[in-house]
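Per-entry structural report
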Amino acid sequence: MVENPFVVKGYSGKDYFCDREEETRKLVIRAVGGSDSSVISPRRFGKSGLVMHALEAIEEEFPNVDTLYTDIYATSSLNDLIDNLSSAILAKFPEKTPLGKRFWGFMKSIRPYLSFDHLTGNPQIHLDFVSPLQKEATLKSIFDLLDKNSKGTLVFAIDEFQQITEYPEENVEALLRTYTQNLRNIRFIFSGSKRRLMTAMFNDAKRPFYGSVESMFLGKLDGKIYADFISSLFGKHGRDIEKDALDFVLDWTRTHTYYTQRVCHNLFDTGVKRVTVDLVKKVCGDILDGESFNYLQMREILPVQQWRFLIGLAKEGKVSQITSSSFVSKYKIGSAATARRAAESLEDKELILKTPSLGETTYEVYDVFFSRWLEQTY
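Residues numbered from 1 in each chain as written. Predicted model: local features only at pLDDT ≥ 70, side-chain atom pairs only at ≥ 80, totals over all residues. Heavy atoms only, no water.

**Re the side chain of Q261**
Its place among the elements puts Q261 in helix α10 (residues 257-269). When near neighbours in sequence (up to four residues on either side) are disregarded, Q261 contacts F6, V7, V8, Y226 and F229. (Helix = DSSP H or I, 4+ residues; strand = E, 2+ residues; numbered from the N terminus. Contact = heavy atoms within 4.5 Å.)

Rendered as structure tokens:
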């Protein structure tokens, strides 16, 4: 069975990564040059892949630099964060390495509960704290130990960094800023998918991390570059995708990285040597059929006006004037105020994507497959 080259989960190396050359270079230069960075993009644009691609490039070009990556999306408290960071460190630096040995020694001194991930086999740390002060002291010790890395510089990428704003503990941002700002050998890449939160964290003068990073906003891939990449991957495996079929894929998925990869992944899985428009349409239809139950469940959960608002966005593709009488009346949303409230609620639920720009702010359904299903069904 041929391994599918269209990756839809995780990062599989530079051979399966499309473009982002300029963004990768910037992250590498900033990190080895001594600057911290933030990477902000909507979910499924390839943000995490870019960060891991940059870390791989750093390790290849600079053998005297170590890298570390962790995703904190699943954390919901400071305790979870400490467990997450500890597990990531132990997975990256085995006990036989100098840093791993020191860290294992530190962990044993605070008697953690140790388990192993049933899929990866990586160690997972669970700590119980008797007081908030003990948590804070442990977190500080973790960063201090990392700062003493034997290679010198360590580039530490923390994905979905905005999650710390959801923790019940107060002043987590201030605490982390205090612990990280004076570290001599660690460079950070903070990435996140909630643009509003991430932008506020680093650009609001009242927030602890204000002005501490060089920011990068990630957009969609260039269509021509992406088309060449897709065609090349098919070609390397003795397959061919017709130009009309490729154009249809990119248009139907709106060149949104995850959805484009998913369609191509499913096309590759068919085993067909020559991909036609008809095959693409069938695969796209099969994807929507497979997701329809979840989408119908969503209809049961959402208020009627929010559901109609989503239908309107899906039908129009992108909307800038969400409170206009034409949009509100056409999709029976009720009033301009109702449309505004629907947009705010759906944005909070990450069901719609709000993209501000100098000219106008646009709104669209976040999930491209969901958008196409709504467009087709209603």
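Here the narrative resumes.
**A closer look at the packing of helix α4 (residues 98-109) against helix α5 (residues 132-147)**
Where α4 contacts α5, the two axes come as close as 10 Å, and the packing angle between them is 165 degrees. Taken as axis vectors, α4 and α5 run roughly antiparallel relative to one another. Remark: the crossing between α4 and α5 carries right-handed chirality. Of the residues in α5, those touching α4 at L99, R102, F103 and F106 are T138, S141, I142, L145 and L146. Residue classes in the contact of α4 with α5 are distributed as six nonpolar, two polar and one charged. (Axes fitted to C-alpha atoms, helices over the stretch in contact; angles between N-to-C directions. Parallel < 35°, antiparallel > 145°, perpendicular 65-115°, else oblique. Left-handed = near helix turned anticlockwise from the far one by under 90°. Nonpolar A, V, L, I, M, F, W, Y, C, P; charged D, E, K, R; others polar.)

**What about the environment of K332?**
Relative to the helices and strands, K332 resides in the loop between α13 (325-330) and α14 (336-348). Taking the relative accessible area as the measure of exposure, K332 reaches 58% and is therefore exposed. Once the C-alpha coordinates of K332 and Y259 are considered, the two residues, 73 residues apart in sequence, prove to be 30 Å apart. When residues no more than four places from it in sequence are discounted, the contact partners of K332 are Q305 and R308. (Buried < 20%, exposed > 50% of the residue type's maximum accessible area, 1.4 Å probe, protein only.)

**A closer look at the pairing of strand β6 (residues 186-192)**
A large share of β6 lies buried, amounting to seven of its seven residues. Judged by which residues are buried, β6 turns out to be covered on both faces: I186, F188, F190 and G192 on one side and R187, I189 and S191 on the other are all buried. By the bridge criterion, four bridges tie strand β1 (residues 37-40) to β6 in an arrangement that is parallel. Residue pairing in the sheet places V39 in a bridge with S191 of β6. In this sheet, β6 lies alongside strand β5 (residues 153-159) in parallel orientation, the contact comprising five bridges. Bridge pairing in β6 links V155 to R187. Considered for its hand, the β-α-β crossover made up of β5, helix α6 (residues 172-180) and β6 is right-handed. (Pairing = 2+ DSSP bridges. Right-handed = clockwise from strand over helix to strand, strands pointing away.)

Purely geometric numbers; function is a separate question.
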